[in-house]
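These are the residues of each chain, in order.
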Amino acid sequence: MSELQSPEEFPFPFPPYDIQKDFMHALFDVLEKGQLGIFESPTGTGKSLSLICGALTWLQQHNQHHKSELMRKIQETESSSRADESGPDWFTAATKRREEEEVARGWRKELGRLEKEEERVRQLRERRKVIKRTEVKKMDEEFDELFRDLHEVQESVRRELNEINGEETLGAEESELLLDEYHSDDDDGGGGVKDSQDEEEEEHGCLKIIYCSRTHSQLSQFVREVQRSSFSSDIRTVSLASRQNLCVNEQVARLGNMTLINDRCVELQRGKKGRSSKVELDGSTSKKRKSSSGCPFYRQNALQGLSDQLLLEVQDIEQMVTSGRKSKSCPYYAARHAIRDAQLVVVPYNTLLHEGTREASGIRLKGNVVIVDEAHNLLETISGIHSVMLSLRQLRGSRSQLLQYVDRYGKRLCARNLLYINQIIFFINALIKMLDTGYHHTQTDGAPASKQDSSETSKVLNVSRFLVNTLTDNLNLFKLLQYIDHSKIAHKLHSFSQHFEGSITIHRRQKPSHPPSSSSSSSSAAAAASPSSSTSAFLARLTAQKSNQNKSKENVKPSVPESNKTEEEEDDDDEVVGRSPLLQVRAFLGALVFGSGKEGRVVVTPGRCLKYLLLDPASHFSEIVAQCRSVVVAGGTMRPVSEFRDQVFREGRERVVTFSCGHVVSASRQLLPLAIARGPSSYTFDFTYQHRGDPKVMDEVGRVLLNVSRVVCGGVVVFLPSYQYEKQVVAHLTASGALASIAGKKQVFREPKKSNQLDAVLTNYSRIIRQTHGNTSGVNGALLLCVVGGKMSEGINFSDDLGRCVVMVGLPYPNTHSPELKEKMNYLNTHMPTGSDGQQAGSVFYKNLCFKAVNQSIGRAIRHRNDYATILLLDHRYTLDSSVSALPDWISQHLQKPQNFSQAFGQIVKFFKGRKEETT
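From a predicted model like this one, the values you see are computed outputs, not experimental measurements. (Residues numbered from 1 in each chain as written. Predicted model: local features only at pLDDT ≥ 70, side-chain atom pairs only at ≥ 80, totals over all residues. Heavy atoms only, no water.)

**Some words on the overall build of the chain**
Item 1. Check the secondary structure of the chain and you find 37 helices and 21 strands.
Item 2. A buried classification covers 50% of the 920 residues belonging to the chain.
Item 3. Partitioning the contacts of the chain with sequence separation of at least 6, the portion at a separation of at least 24 is 80%.
Item 4. Of the roughly 42400 Å² of accessible surface on the chain, a fraction of 48% belongs to carbon and sulfur atoms. (Helix = DSSP H or I, 4+ residues; strand = E, 2+ residues; numbered from the N terminus. Buried < 20%, exposed > 50% of the residue type's maximum accessible area, 1.4 Å probe, protein only. Contact = heavy atoms within 4.5 Å. Areas by Shrake-Rupley, 256 points an atom, 1.4 Å probe, with all protein chains shown as cover.)

**Considerations on helix H37 (residues 901-919)**
Helical geometry: 3.6 residues make up each α-helical turn, so side chains three or four residues apart lie on a common side.
Item 1. Its 19 residues place the ends of H37 27 Å apart at the C-alpha level, agreeing with the 27 Å of an ideal helix rising 1.5 Å per residue.
Item 2. Within H37, burial applies to Phe901, Ala904, Ile908, Phe911, Phe912 and Arg915. Looking straight down H37, one finds that the buried residues subtend no more than 85° of arc, so they occupy a single side. In H37, the exposed positions angled more than 90 degrees off the buried face are occupied by Ser902, Lys910, Lys913 and Glu917.
Item 3. Along its buried surface, H37 packs onto helix H28 (667-670), strand S16 (671-676), helix H29 (695-711) and strand S21 (869-874).
Item 4. Where H37 begins, one side-chain oxygen reaches toward the backbone nitrogen of Ser902, 3.2 Å away; that side chain belongs to Asn900. (Expected span 1.5 Å × (residues − 1). Arc of directions from axis to C-beta. Polar contact = N/O pair within 3.5 Å; in protein donor to acceptor, adjacent residues only side chain to side chain.)

**As for the side chain of Ser323**
Item 1. Looking at where Ser323 falls in the secondary structure, it is placed in helix H12 (residues 317-327).
Item 2. For Ser323, a relative accessible area of 11% corresponds to the buried category.
Item 3. A polar side-chain atom of Ser323 sits 3.4 Å from a polar atom in the side chain of Gln309.
Item 4. Beyond its immediate sequence surroundings of up to four residues, Ser323 is in contact with Leu306, Gln309 and Gln315.

**What to know about the packing of aromatic side chains**
Item 1. Applying the stated criterion to the full structure yields 24 aromatic pairs.
Item 2. Between the aromatic rings of Phe687 and Tyr725, the centroid separation amounts to 6.4 Å while the plane-to-plane angle is 80°, which identifies the pairing as edge-to-face. Here the residue Phe687 occupies a position in the loop between S16 and H29, and Tyr725 occupies one in helix H30 (residues 723-736), the gap between them amounting to 38 residues. Taken individually, Phe687 and Tyr725 each receive the classification buried, so the pair is uniform in this respect.
Item 3. Each residue in the set Phe23, Phe39 and Phe659 is aromatic and connected to the rest through ring pairs, giving one cluster.
Item 4. Of note, Arg692 hangs over the ring of Tyr725, and the distance from its end group to the ring centre comes to 5.0 Å.
Item 5. The ring of Tyr868 carries Arg915 above its face, with NZ or CZ at 4.4 Å from the centroid. (Phe/Tyr/Trp six-rings, centres within 6.5 Å; stacked < 30°, edge-to-face > 60°. Lys NZ or Arg CZ within 6 Å of the ring centre and 35° of its normal.)

**Quick look at the sheet that holds strand S15 (residues 656-660)**
Item 1. Taken in spatial order, the seven strands line up as S3-S6-S2-S7-S14-S1-S15 in an open sheet, and their pairing is parallel. A strand with exactly one partner marks an edge of an open sheet, and here the two such strands are strand S3 (237-239) and S15. Averaged over neighbouring strand pairs, the angle between their axes works out to 15° when direction is ignored.
Item 2. Note that strand S2 (residues 209-213) and strand S7 (residues 369-372) share four bridges and pair parallel. Along S7, the bridge assignment pairs Tyr211 with Ile371. (Pairing = 2+ DSSP bridges. Axes fitted to C-alpha atoms, helices over the stretch in contact; angles between N-to-C directions.)

**Details of the sheet that holds strand S13 (residues 609-614)**
Item 1. On the basis of which strands lie adjacent, the open sheet formed by four strands has the order S8-S13-S12-S9 and antiparallel pairing. Each edge of the sheet is formed by a strand with only one pairing partner; in this case those strands are strand S8 (388-391) and strand S9 (459-462). Strand-to-strand twist of the sheet, defined as the mean angle between neighbouring strand axes without regard to direction, takes the value 20°.
Item 2. Examined bridge by bridge, S9 and strand S12 (residues 600-605) share four bridges and lie antiparallel to one another. Bridge assignment links Val460 to a residue of S12, and that residue is Val603.
Item 3. Lying on the sheet, helix H18 (residues 415-437) is in contact with S8, S9, S12 and S13; it crosses S13 at an angle near 105°.
Item 4. With respect to the sheet, helix H25 (residues 582-594) is in contact with S8, S12 and S13, its orientation differing from that of S8 by roughly 135°.

**Some thoughts on the packing of H18 against helix H20 (residues 477-487)**
Item 1. Axis separation between H18 and H20 bottoms out at 11 Å; the angle between their running directions is 115°. Handedness of the H18/H20 crossing: left-handed. Contact residues: H18 offers Asn417, Tyr420, Ile421, Gln423, Ile424 and Phe427, while H20 offers Leu477, Lys479, Leu480, Tyr483 and Ile484.
Item 2. Looking at the contact of H18 with H20 residue by residue, the classes come out as eight nonpolar, two polar and one charged. (Left-handed = near helix turned anticlockwise from the far one by under 90°. Nonpolar A, V, L, I, M, F, W, Y, C, P; charged D, E, K, R; others polar.)

**Focus: the pattern of salt bridges**
Item 1. For the structure on display, the rule yields 25 salt bridges.
Item 2. Note that Arg224 is salt-bridged to Asp316, the shortest N-O span being 3.5 Å. In this pair, Arg224 sits in helix H7 (residues 216-228) while Asp316 sits in the loop between helix H11 (300-312) and H12, placing the two residues 92 residues apart along the sequence.
Item 3. According to the relative accessible area criterion, Arg224 is partly exposed, its value standing at 40%. (Salt bridge = Lys/Arg side-chain N within 4 Å of Asp/Glu carboxyl O.)

**Examining the environment of Ser232**
Item 1. The residue Ser232 is located in the loop between H7 and S3 in this model.
Item 2. Residue classification places Ser232 among the partly exposed residues on the basis of a relative accessible area of 26%.
Item 3. Ser232 sits 80 residues away from Leu312 along the chain, and the two C-alpha atoms are 9.0 Å apart.
Item 4. Each residue touching Ser232, except ones within four places of it in the same chain, is listed here: Val226, Gln227 and Val314.
Item 5. Separated by 3.4 Å, the side chain of Ser232 and the backbone oxygen of Ser229 make a polar contact.

**Considerations on the nonpolar core**
Item 1. Ranked by internal contacts, the top residues of the largest apolar core, which has 112 residues, are Leu352, Val372, Leu378, Phe466, Phe588, Phe621 and Phe649.
Item 2. Take this core: its biggest share by element is 12 residues, from H18.
Item 3. Setting aside its immediate chain neighbours within four residues, Phe649 contacts Leu36, Gly37, Ile38, Phe621, Val625, Val631, Val633, Phe644 and Val656. (Core = buried A, V, L, I, M, F, W, Y, C linked by side-chain atoms within 4.5 Å.)

**Concerning the side chain of Ser487**
Item 1. The residue Ser487 is located in helix H20 in this model.
Item 2. In terms of polar contacts, Ser487 uses its side chain to reach the backbone carbonyl oxygen of Tyr483, at 2.6 Å.

**Observations regarding the packing of H18 against H25**
Item 1. It is at 12 Å that the axes of H18 and H25 come closest, and there the two elements cross at 85°. With respect to each other, H18 and H25 are oriented roughly perpendicular. Residues Ile424, Phe427, Ile428 and Leu431 of H18 form the contact with H25, whose own contacting residues are Leu582, Val585, Phe588, Leu589 and Leu592. (Parallel < 35°, antiparallel > 145°, perpendicular 65-115°, else oblique.)

**Digging into the confidence of the model for the chain**
Item 1. Looking at the chain as a whole, the pLDDT averages 79, with 76% of positions reaching at least 70.
Item 2. The spread of mean pLDDT over the elements of the chain runs between helix H24 (residues 567-571), the lowest at 36, and strand S20 (residues 805-809), the highest at 97.
Item 3. Scored below 50 in pLDDT, residues 502-513 shows 52 contacts in the model against residues more than four places distant or in partner chains. (pLDDT = per-residue confidence, 0-100.)

**Quick look at the state of the cysteines**
Item 1. Going through the model one piece at a time under the given rule, you end up with zero disulfides.
Item 2. The thiol sulfur of Cys295 is not disulfide-bonded, and the nearest other cysteine sulfur, from Cys330, lies at 6.3 Å.
Item 3. What makes Cys295 buried here is its relative accessible area of 18%. (Disulfide = S-S within 2.5 Å.)

**Some points on unusual backbone geometry**
Item 1. Positive phi values are uncommon outside glycine, yet Lys488 reaches one of about 60°.
Item 2. Within the secondary structure, Lys488 sits in the loop between H20 and helix H21 (489-499).
Item 3. Backbone geometry at Ser682 places phi at a positive 65°, although glycine is not the residue there.
Item 4. With respect to the helices and strands, Ser682 occurs in the loop between S16 and H29.

Next up, the structure:
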């Protein structure tokens, strides 16, 4: 089939810049030739619109061209088949004709599929014109009523048996906390074998462009750009997101945790639950009704109507939720229904990059196009998706909840449930012992270890050694994981803790010395989890508390997410667990079971946490590259490009095409990048770990910031390598009086450690800049101290007066003593080839981590074509050619290296004076 040529013009909403035209032409060619693209376009250059117009133009033209080519080839085959087969070579001619007809049969089948798709879309548009909201079929309601009555009969029989046996009778609400009887280890979770015809239709579908980005806000922004374009009425677009973002059932959404929401959603579909609950349909609370009928928003007629609406109206996630509430239908399942007929599928990173999530969402890669935007941290993102952190506090909380659950309901559970719960407790106890003692049960050579050999530093083990050292290698971890998923025990524990005022006190008990075997009797399993006096007293106290329905829950201490803990909170052994920590245990167990033994490691930090670490995230991206027609990774800065070529696309390096464009701003008028090697006192800027604590170095930083504050109007954003160094610099400048002098010119703000304080800092920062604009004396603007890799180094736009100057203090190389980093570098050195310059892969990876962080930080400035700023790189290493080459083109091509600070300061004064004159 002949290749399409890139069009002269693209349907852009306004006259495009030359770099945007070049971007779209290059993208069109990459998609048409089935290549792998690395596209770099600085923020403010209209990258999203260029992606939309370039990719969707190709999609429309390719579909038209593909259909016309099929028709042409079929006609040519039919014409050639009429050729005379008489003569001495009639047999060869007949054989050739049959072969051609077989090929033509495939073309006819493909053409028929395309025509069927067009007809389905035409009917879809017609159906949307006459669609009516209908209620659930009466037959479904009758079935739900029958199921509810059967459930009530079962509960009545159970209560009568309990009374005969002299056991406590549980209320209807608490009886729902009991685990269902676990019958089979080979349960497939309700999945069945798909019909082959359905699989074939799903496999083909229509040609799709799958666009993914990092956050839901970025995806919504992309969809809004599609809505602005000329493709909004022609391209069938569907946005996918998690249930947590799309669920419109308030009772499910308020669970908060994604895993709990997923489990509850599946339960409602299966029609499990018979207790009364308040169901909210239209924003108001209806009267109590039985929820065994499942989720009221999961109705086939309404789902089909919303699915049609999503295909024919481009909607972002917020609009989908609004439409779902209006139609009383679930946007999550409506989007999944619509995905087969969608041409543009918009998804977050996790949905595309995690194989299980991708398959569950119905995304098929074969023959389609994938565009990964904001891809600068692609490998780190994949690594984060497949890495799991499990803290000692979560382990203790899981054990406590399991023990107390069995203490209360153990006599009511079947033997198999008790057996598996006992195995989970043994597994958790083994992990706790490793973290508590700080040493392994066996050394690498198999000899016992002594406590004198222990070390407080982290240790790195491969998965098999970790299982041996924890004495869990003889457990069937796969069946254990299967039990946790199928029994929904994590969800039951969550409901159990909520039922008893939402908190569980952590307590310890002796663990069994050996894991329970499959031949253990139910009595032994129950004995292994026998009640303790402290547990009985605790449950008695909670049961008494339950009688007071008006008890305030404000005094219950909420759990602190691990990522937001301060150092003090991490050291504090909290005594309350607010929700089921077994979810995190399940995630860690899943990583051990499904993670690659060759590419995975377990990092053990005594007294704190365990972490499953993925060493080779590129291996998880190779399947996407292998199946897709074309894959494009794009971002504001993709340097260093070698990482994408050598790792992300290592299976198809011969297909890789790179594109990088400059900025839309005039470099001579709107951008001034300076690499400054010495401070105002001519002391060298050396921010290596050994020298950055030198008081003279920090004094020079203070002098630079004071001089800049006197000249720059508006905001100055300063990035430092770490929170620890930021704290050290602030303390030094405060003691020396330099910070007070800076505050006399610009109000000083500091990046907060807690995410919930970020908005307040940014709001006050922008408010001061706005209020002091134009001041000739006193405070004029603000100075914001940030941390590289922190909350403000990515995703925050310091446009216009918010970021007239960006100062990068030092090079943020990561800590080489980190056991995770060491293991990662050793793995790369062993399994990746040495670069053309002779550098080992681990060393290249180490440098790339630093400069990707630098490039993201300095990219906070210059956000649109009329913006301007100066960028100061404080470190003598920025003047080296190796550092310059790792910076984005729009910086490196214009980077100046003044001989001293006096010369640099003169250039800064001249730059802002020129901008002021242009403004006036």
